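Structural characterization, general
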Amino acid sequence: MTRIENNPQRGASGGASAVSVRGLVKHYGETKALDGVDLDVREGTVLGVLGPNGAGKTTLVRCLSTLITPDSGSAVVAGYDVLRQPRQLRRVIGLTGQYASVDEKLSGYDNLYMIGRLLDLPRKEARTRADSLLERFSLTEAAKRPARTYSGGMRRRLDLAASMIGSPAVLYLDEPTTGLDPRTRNEVWDEVRRMVREDGVTVLLTTQYMEEAEQLASELTVIDRGRVVAGGSIGELKAKVGGRTLRIRPADPTQLHPTAHALDEAGLTGLATTTVDTEDGTVLVPILSDEQLTAVVGVLSARGITLADIATELPSLDEVFLSLTGHKAGLTDDAATTEYEEVAA
Ligand SMILES: Nc1ncnc2c1ncn2[C@@H]1O[C@H](COP(=O)(O)OP(=O)(O)O)[C@@H](O)[C@H]1O
Ligand SMILES: [Mg+2]
């Protein structure tokens, strides 16, 4: 077993990279699922891969898990090359997909025991590992019940426990909270933080939610249509798109476009531009500071524009996208959410 260690890759912020991806390409016919992706995940950190439906997130995770073969490019995970050392690589990764991967008919314990055996753990070790992970993810009481009787949160915890059986160095979480209620989502977030803190795992987390990325990730890579459109720390990214967004409602609806125009003309809006939400009757203005907020109000009152409402919002993924790519994030064609049967390469 050879590990590529003579030249440890360095991430953007200096730490050693546990995951290093260069020029990764995967096309499906006309669809460029991945179109030359570069990214690094520093050891012991969480990288958020943020992107809308169809951006290429699952394709990326599948390539990095050796489930599919990229057309070109390279990736090294925990020292192993995805293309040349797939067997070794599989031993050091854990994966929790977007959909529950546990067998509903089996109990929590049996699920974990079975996975342990599949990973070649001796019987006794598979038993101990199952027990300790059930304990760790607060599932001991439910251990003997079929997983189908579990709540959404318990299932997700079982998924996470399953991905930890092989004590992975690197964990891929592919949209781990999509479709979960807020409380369950919080539980998952807590567990992910604990895994990073206590188990020292490196996490590559894909998500459609800015909030999730903010909660868990120290750095972000934003992808769209198979390409990286932005990257950096949350702070850097937010500065790029505007730290907050003002939603301004003119008292007179006919003043909507004049309001946007006045603000664009005043050049107050930092790096991103003003957008008009005609349906809602509001103007969205990205701002970076309290001074800009005050200036916005000043400009509008100088123009004699009366406001009915003004609210501050954190940027939504849509706004981040609009600002970074010039088009809306909502490419929610249902095809993108379908699970694909893998075609033989
Ligand atoms: N096996 C496949 N066959 C054909 N097209 C695919 C396949 N897998 C993914 N795609 C397409 O590649 C693009 C990226 O998909 P995916 O990686 O699932 O995106 P995400 O996980 O970000 O929603 C989408 O346009 C999707 O329709
Ligand atoms: Mg996906």
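Look up: the structure comes first, before these words.
I will try to describe carefully the structure that is included in this document. None of the values given here were measured: they were computed from a predicted structure.

Regarding a positive patch on the surface
On the surface, a cluster of positive charge is made up of Arg117, Arg123, Lys124 and Arg127. Element by element, the count of residues in the positive patch is highest for helix α4 (residues 123-136), at 3 residues. Inspection of the secondary structure assignment puts Lys124 in helix α4.

A short note on the side chain of Thr66
You can see Thr66 is positioned in the loop between α1 (57-64) and β4 (72-77). Judged by relative accessible area, which is 17%, Thr66 ranks as buried. Setting aside anything within four residues of it in sequence, one finds Thr66 in contact with Val82, Pro86, Leu89 and Arg90.

Notes on helix α3 (residues 108-118)
Count 3.6 residues to each turn of an α-helix, and residues three or four apart come out pointing the same way. Along α3, the positions that sit buried rather than exposed are Gly108, Tyr109, Asn111, Leu112 and Gly116. The arc that holds the buried residues of α3, viewed along the axis, is 165 degrees, so those residues lie on one side. Where the residues of α3 are buried, they touch α4 and α5 (152-163). Following α3 by one or two positions, Asp120 adopts a phi angle in the positive range, close to 75 degrees.

Quick look at unusual backbone geometry
Not every positive phi belongs to a glycine, and Asp120 is a case in point at roughly 75 degrees. You can see Asp120 is positioned in the loop between α3 and α4. We classify Asp120 as exposed; its relative accessible area is 55%. Of note in the backbone geometry, Arg225 takes a positive phi value of approximately 50 degrees without being a glycine. With respect to the secondary-structure elements, Arg225 resides in the loop between β9 (219-224) and β10 (227-233). Judged by relative accessible area, Arg225 falls into the partly exposed class, the value being 47%.

Comments concerning the packing of aromatic side chains
Scanning the entire structure with this criterion turns up 1 aromatic pair. Considering the side-chain rings of Tyr109 and Tyr113, the 6.1 Å spacing of their centres and the 10 degrees angle between planes classify their relative orientation as stacked. Placement of the pair is Tyr109 and Tyr113 together in helix α3, with a separation of 4 residues, close to one helical turn. On the accessibility criterion, Tyr109 (12% relative accessible area) is buried.

Comments concerning the nonpolar core
Grouped together as the largest cluster of nonpolar side chains are 43 residues, with contacts concentrated most on Leu112, Phe137, Leu158, Met195 and Val203. Excluding anything up to four places from it in sequence, Met195 contacts Arg136, Phe137, Leu160, Met164, Leu171, Gly200 and Val201. Membership of the second largest hydrophobic core comes to 28 residues, among which are Ala18, Ala55, Cys63 and Ile223.

Focus on the sheet that holds strand β1 (residues 17-28)
In space, the 4 strands of this open sheet follow the order β2-β1-β4-β5, with antiparallel pairing throughout. At either end of the open sheet lies a strand with only one pairing partner, and these are β2 (31-42) and β5 (80-81). Across 2 bridges, β4 lies against β5 in antiparallel orientation. By the bridge assignment, Val76 is partnered in β5 with Asp81.

Looking at the sheet that holds strand β8 (residues 202-207)
An order of β6-β7-β8-β3-β9-β10 is seen for the 6 strands of this open sheet, with the pairing classed as mixed. Looking at strand neighbours, the two that pair on one side only are β6 (93-96) and β10, the edges of this open sheet. Across the sheet, the mean angle separating the axes of adjacent strands is 15 degrees when strand polarity is ignored. Sheet topology places strand β3 (residues 46-50) next to β8; 5 bridges connect them, and they run parallel. Considered in β8, the bridge of Val46 is made with Val203.

Section: α1
For α1, the tally of buried residues reaches 7 of 8 residues, placing the bulk of the element in the interior. Of all the residues in α1, the buried ones are Lys57, Thr59, Leu60, Val61, Arg62, Cys63 and Leu64. Note on α1: the residue one or two positions beyond its end, Thr66, has a positive phi of about 65 degrees.

Examining the packing of α3 against α5
As a packed pair, α3 and α5 sit with axes 9 Å apart at the nearest point and diverge in direction by 20 degrees. Between α3 and α5, the angle falls in the class roughly parallel. As α3 packs across α5, the resulting crossing turns out to be right-handed. On α5, the residues that touch Gly108, Asn111, Leu112 and Ile115 of α3 are Leu158, Ala161 and Ala162. Its residues assigned to classes, the contact of α3 with α5 shows 5 nonpolar, 2 polar and no charged.

Thresholds applied
The residue numbers shown here count from 1 along each chain, following its written sequence. Each chain takes a letter, starting from A, and each ligand takes a number, starting from 1, following the order in which they are written. Given that this is a predicted model, residues contribute local features only at a pLDDT of at least 70 and side-chain atom pairs are listed and counted only at 80 or more, while totals for whole chains, interfaces and linings are drawn from all residues. For side-chain calculations, the full set of non-hydrogen atoms in the structure is used, while hydrogens and water are omitted. Residues forming no salt bridge and having over 30% relative accessible area are the ones grouped into patches, like charges within 9 Å of each other and nonpolar side chains (Val, Leu, Ile, Met, Phe, Trp, Tyr) within 5 Å. For every accessible area listed, the method is Shrake-Rupley and the probe measures 1.4 Å; residues are considered covered only by the protein chains on display. What counts as a salt bridge is simple: a side-chain nitrogen of Lys or Arg found within 4 Å of a carboxyl oxygen of Asp or Glu. The sign given to each residue is positive for Lys and Arg and negative for Asp and Glu; His and the chain ends receive no count. By convention, charge coordinates are those of NZ in Lys, CZ in Arg, CG in Asp, or CD in Glu. Helix and strand labels come from DSSP, where a helix needs a run of H or I of at least four residues and a strand needs a run of E of at least two; each type is numbered from the N terminus. Summary of the burial criterion: residues with accessible area below 20% of their type's maximum are buried, those above 50% are exposed, and those between are partly exposed, where the area comes from a 1.4 Å probe applied to protein chains only. In this description, contact between two residues means that some pair of their heavy atoms is separated by no more than 4.5 Å. Here, the arc refers to the directions that run from the helix axis to the C-beta atoms. For Phe, Tyr and Trp, where Trp contributes only its six-membered ring, two rings pair if their centres lie within 6.5 Å, and the inter-plane angle classes them as stacked under 30 degrees, edge-to-face over 60, or tilted in between. Definition of nonpolar core: a set of buried residues of the types Ala, Val, Leu, Ile, Met, Phe, Trp, Tyr and Cys, connected through side-chain atoms within 4.5 Å. Note: two strands are recorded as paired if DSSP finds a minimum of 2 bridges between them. Simply put, an axis is a line fit to the C-alpha atoms, just over the touching stretch for a helix, and the angle between two N-to-C directions goes from 0 to 180 degrees. An angle below 35 degrees is read as roughly parallel, one above 145 as roughly antiparallel, one from 65 to 115 as roughly perpendicular, and any other as oblique. Less than a right angle of anticlockwise turn of the near helix away from the far helix marks a crossing as left-handed, whereas a clockwise turn marks it as right-handed. When residue character is reported, Ala, Val, Leu, Ile, Met, Phe, Trp, Tyr, Cys and Pro are called nonpolar, Asp, Glu, Lys and Arg charged, and the others, Gly included, polar.

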